[in-house]
Amino acid sequence: MPYITMCQGPKCTANGAGLIIRDMEDLAQGVACVEASGCMGQCSKGPNGMYSEKSGAKGKITNKLNKYSKLTEMLNDVIQGFALDDLQSRVHKIKFAIRREENADTRMQAIEETLSSFDGQQKQLHPELVAQMLCLRSREMMKADPSAAYNDLRDALILRPDWPWAFVTLAQVLDNLHMPRGALACMQKAIEIGTGVDKNALTRGMVRLERKAADSKGPDVPPAGIEMDIRYIKEKSLAGGESQKQPKDKEKKEKGEKSEKSDKREKKVTKDGKEVKASKAKSKSKKDGSGKKEKEKANAEDAEKAAKEKLELEKANEMEPAAEAAETNDVPEEAPKTRQESKPKEEKKVPKPASEPKDGAENMVVKSVEAFKDIVMQKEEKKKKKTKKKKPEKSDAAAGEYQDWQLRNSEWANHDCLRMTFACKGKASKSFESPIWHIDLAANIGEDGEEIQRSYTPLSNAEDYKKGVLVLLIKVYPTGKMSSYLGKMKAGDSILVSRPVATVDPQEYPEGAIMVAGGSAVVVALQVATAMLPQIADSFHLYLCNRKQPDVLLMDEFNVLLEAYPKFHMTNCLSQDQSPENPGGRSSWSSGRLNTELLSGAPQNLKVIMSGPDPLCKMVAQTFMEMGKQEDDIACLDTDLDDLLHPDGGEEEVLISKMKSSPQLPPAEKTEEQRVEVPRARIKASKSQVISIDSLVSPVIAKPVAGLGLFSSLFLCGCKPTDAFSEDIHEDSVKQKR
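So, a few notes on the structure that sits alongside this text. (Residues numbered from 1 in each chain as written. Predicted model: local features only at pLDDT ≥ 70, side-chain atom pairs only at ≥ 80, totals over all residues. Heavy atoms only, no water.)

## Digging into the overall build of the protein
Next, step 1: What the protein contains, in helices and strands, is 30 helices and 19 strands.
Next, step 2: Within the protein, contacts between residues at least 6 apart in sequence are counted, and of these 70% link residues at least 24 apart.
Next, step 3: For the protein, the exposed area adds up to about 39400 Å²; of that, 49% sits on carbon and sulfur atoms. (Helix = DSSP H or I, 4+ residues; strand = E, 2+ residues; numbered from the N terminus. Contact = heavy atoms within 4.5 Å. Areas by Shrake-Rupley, 256 points an atom, 1.4 Å probe, with all protein chains shown as cover.)

This is the structure:
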């Protein structure tokens, strides 16, 4: 079975890769194994997926997998004969839309209606679809009703017993039920199966569960309504508390049995019926003359010791092997009597052994000299092979994807940016694919202890990284999960840091580039300028956008580049402040937002690189396209450019937007606090979307079947709506506006 590997790097994950891997696993069920991987090095084109014939092998990479149609196109392209029937197509599209819907009530209603739409024949034909919907419902209920979520997963695992994602979800549910041992067993099972999950991330997440399991006393206690009949989980969860006590009891019993057996062996019954210990019997045998054998052994040991001393002297003097001397009849009587071969040595310098070996031992050693030589040569070859294998391990320090780095110190660079210095606890990686690179940070700070990953461009260079030093400039956002976590770190705290990941290949910009950077992307701009300026043929133009003067950072570093490279041109734009009176240096300053007039000052033959907030990058991309540039000439390092320019999904309609206006699914009002709780990946994915549930049947909303909701209506009938119903909906929407 072929393999499809989905990139789970931080930038791809921020653009919905965590949801895309779930969609791909569902679509590829039975035709391909889906695996997760780290960054594929094509962050500006993500989410990315790769097809290969073997697990872990390199293959064909497909970019911009942010739409349902893109996923099916990839599968049609790489898997011969791939096809979905009508039932599969409809349910997969519904699941794709549900995963990207921000409104929890809308998601739950869609799941309930889809589950109720399955009839008996459909359940038998496609049990995997039912299991997938049950897993979706359990994730919605895991906090509000974990018992019901557990029962859904229990039913899903009956339908799909070896589904890793169901075990991951079950681990989260059991964790909410305060059953850490069962949760830990689920995570172990998911890693053991391995498909469709990021095993490295799960392994790191297990640390928290292991701590909980260690702190808990005794086995897990299932709450009321939980029937622990999943065999694998039951054994680890309910027997967890006893598992630590049982080995101790067994050890005591085994020790007692061994002592009894040893006592029986030591006891020897005489003819008179008296018990005599074996040790006494041995002492008697020595008196009777049995010590002759021991004397012979002692003589043999003396001979071996003498031979060892001789071998050591021979190795030090690097003389001819004693075995070769034996072949030429030059071996003295004091030839080595051991099974080890020596290095060359002169005959005169060989001292006589302290004690002469017995004739039997001497004859045995002399006859087996050639065998000893072969054994020694084999040992030396093995040692050489071992040393050769160890050398690459020493040079390649970072065998794993992430390493622990410890915070040395941190200081505020301005009012909201921290300069943080980290030191690698082990040996940092020395391999760099590009001089323009970034790293990923990972920490278990998400909901339910989930791992959060974010990408950062280091302020320090590659040589510092190789030495185990990493300097980051972090802009701390009050609502940012990772940045606020970093802002609370103290000296001595540790965090997981990935190996270097390539951001941009400077060889793709031989003439130079136009770069627009906003806010904390100043670090990216500095790294790109430093890497490109020595090799470009034309010029490099940088537009650095900030709100006020205190937000501008790293001007000392940029001034050094401006003085060294006349081809470097820099413009600072302050959207909410006036330009400084005497800024100094060659950089120019502008008050107000970046506009067409400023951008038109750069040569139009250069390609464009953008990094910063989405609104800024979108405006810049649209401006350059109006000036005649093509999309291929514009690269956005943070977000997929297609998402910025075509937020409505292009060929397909916006996800569930029309469905919310239906009387069956009224839109729920959200406060700002509720919007903050929506995961960033879901918001990003919903912007890039794709499928409208309305478009499953028709561009116009279909009239629901009596007794069923909108999703069930679309799922079952597939008939076109009437114009009269469309007019009713329009009238209702007008009344609501009034």
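## Section: the packing of aromatic side chains
Next, step 1: A full pass over the atoms with the stated rule returns 7 aromatic pairs.
Next, step 2: For the ring pair Tyr68 and Phe96, a centre distance of 5.8 Å and an interplane angle of 80 degrees mean the geometry is edge-to-face. With a gap of 28 residues between them, Tyr68 in helix α3 (residues 68-78) and Phe96 in helix α4 (residues 86-99) connect regions that are remote in the sequence. Here Tyr68 matches Phe96 in class, with each residue buried.
Next, step 3: Both rings, one in Phe558 and one in Phe568, keep their centres 6.5 Å apart while their planes meet at 40 degrees; by these two values the pair is tilted. Separated by 10 residues along the polypeptide, Phe558 in helix α22 (residues 555-564) and Phe568 in strand β16 (residues 568-574) bring together distant segments of the chain. In this pair, the class of Phe558 matches that of Phe568, namely buried.
Next, step 4: Site record: aromatic cluster; members linked through ring pairs are Trp405, Phe432, Trp437 and Tyr465.
Next, step 5: In this structure, Arg100 packs its charged tip against the face of Phe96, placed 3.6 Å from the ring centre. (Phe/Tyr/Trp six-rings, centres within 6.5 Å; stacked < 30°, edge-to-face > 60°. Buried < 20%, exposed > 50% of the residue type's maximum accessible area, 1.4 Å probe, protein only. Lys NZ or Arg CZ within 6 Å of the ring centre and 35° of its normal.)

## Description of the sheet that holds strand β14 (residues 512-518)
Next, step 1: Taking strand neighbours across the sheet as the criterion, the 6 strands line up as β17-β16-β15-β14-β18-β19 in an open arrangement whose pairing is parallel. Edge strands, defined here as strands with exactly one partner in the open sheet, are β17 (588-591) and β19 (634-636). Neighbour-to-neighbour, the strand axes of this sheet turn through a mean angle of 15 degrees, independent of strand direction.
Next, step 2: Alignment of β14 against strand β18 (residues 607-611), held across 5 bridges, turns out to be parallel. Among the inter-strand pairings, Ile514 is bridged to a residue of β18, identified as Val608. (Pairing = 2+ DSSP bridges. Axes fitted to C-alpha atoms, helices over the stretch in contact; angles between N-to-C directions.)

## Some remarks on helix α24 (residues 614-626)
Next, step 1: The terminal C-alpha atoms of α24, which comprises 13 residues, lie 18 Å apart, in line with the 18 Å expected from a rise of 1.5 Å per residue.
Next, step 2: Among the residues making up α24, those that are buried are Asp614, Leu616, Cys617, Val620, Ala621, Thr623 and Phe624.
Next, step 3: Looking at the residues trailing α24, positive phi occurs at Gly628, about 110 degrees. (Expected span 1.5 Å × (residues − 1).)

## Describing the side chain of Lys95
Next, step 1: Counting through the fold element by element, Lys95 comes out in helix α4.
Next, step 2: On the basis of relative accessibility, which here comes to 1%, the residue Lys95 falls in the buried class.
Next, step 3: In this structure, Lys95 is in contact with Asp26, Gln132, Met133 and Leu136, ignoring residues within four places of it in sequence.

## A word on the pairing of strand β15 (residues 539-546)
Next, step 1: By the criterion of burial, β15 is predominantly enclosed, with 8 of the 8 residues buried.
Next, step 2: Where burial is concerned, the two faces of β15 agree: the one with Ser539, His541, Tyr543 and Cys545 and the one with Phe540, Leu542, Leu544 and Asn546 are both buried.
Next, step 3: Where β14 and β15 come together, 7 bridges link them in parallel fashion. Following the sheet pairing, Gly518 is matched in β15 by Cys545.
Next, step 4: Following the backbone out of β14, through helix α21 (residues 522-532) and into the adjacent parallel β15, one traces a crossover that is right-handed. (Right-handed = clockwise from strand over helix to strand, strands pointing away.)

## Looking at unusual backbone geometry
Next, step 1: Here the phi dihedral of Lys64 falls at roughly 55 degrees; this positive angle occurs in a residue that is not glycine.
Next, step 2: Tracing the sequence through the fold places Lys64 in the loop between β4 (60-62) and α3.
Next, step 3: The exposure class assigned to Lys64 is partly exposed, which follows from its relative accessible area of 28%.
Next, step 4: Phi at Leu554 is positive, roughly 65 degrees, even though this residue is not glycine.
Next, step 5: Among the secondary structure elements, Leu554 is positioned in the loop between β15 and α22.

## A closer look at helix α8 (residues 146-159)
Since the α-helix turns once every 3.6 residues, residues separated by three or four places project in the same direction.
Next, step 1: Spanning 14 residues, α8 covers 20 Å between terminal C-alpha atoms, matching the ideal 20 Å at 1.5 Å per step.
Next, step 2: Of all the residues in α8, the buried ones are Pro146, Ser147, Ala149, Tyr150, Asp152, Leu153, Ala156 and Leu157.
Next, step 3: Packing partners of the buried residues in α8 comprise α7 (127-141) and α9 (164-176).

## Observations regarding the sheet that holds strand β3 (residues 49-52)
Next, step 1: On the basis of which strands lie adjacent, the open sheet formed by 4 strands has the order β2-β1-β3-β4 and mixed pairing. Each having just a single partner strand, β2 (33-37) and β4 make up the two edges of the open sheet. Taken pair by pair, the neighbouring strands of this sheet meet at an average axis angle of 25 degrees, ignoring direction.
Next, step 2: Where strand β1 (residues 3-7) meets β2, 5 bridges bridge the pair, whose relative direction is parallel. Across the sheet, residue Ile4 finds its bridge partner in β2, namely Val34.
Next, step 3: Helix-sheet contacts for α3 involve β1, β3 and β4, and the interaxial angle to β3 is about 15 degrees.

## Here we look at the packing of helix α5 (residues 104-117) against α7
When two helices pack together, their arrangement is given by the angle between the helix axes and by the axis-to-axis distance.
Next, step 1: Contact geometry for α5 and α7: axes closest at 10 Å, N-to-C directions at 150 degrees. Here α5 lies roughly antiparallel to α7, going by the angle between them. As α5 runs across α7, the sense of the crossing is left-handed. Of α7, the residues touching α5 (which contributes Ala104, Arg107, Met108, Ile111, Glu112, Thr114 and Leu115) are Val130, Met133, Leu134, Leu136, Arg137, Glu140 and Met141.
Next, step 2: Each residue belonging to the contact of α5 with α7 can be placed in one class, and the counts come to 9 nonpolar, 1 polar and 4 charged. (Parallel < 35°, antiparallel > 145°, perpendicular 65-115°, else oblique. Left-handed = near helix turned anticlockwise from the far one by under 90°. Nonpolar A, V, L, I, M, F, W, Y, C, P; charged D, E, K, R; others polar.)

## Some points on the pattern of salt bridges
Next, step 1: Counted by the stated rule, this structure contains 13 salt bridges.
Next, step 2: Put simply, Asp23 and Arg99 hold a salt bridge, and the shortest N to O gap is 2.6 Å. With Asp23 in helix α2 (residues 17-27) and Arg99 in helix α4, this residue pair connects regions lying 76 residues apart in the sequence.
Next, step 3: In the salt-bridge network here, residues are joined through shared partners; they are Asp23, Asp26, Lys95, Arg99 and Arg100. (Salt bridge = Lys/Arg side-chain N within 4 Å of Asp/Glu carboxyl O.)

Everything listed is a geometric property; what it means functionally is a separate question.
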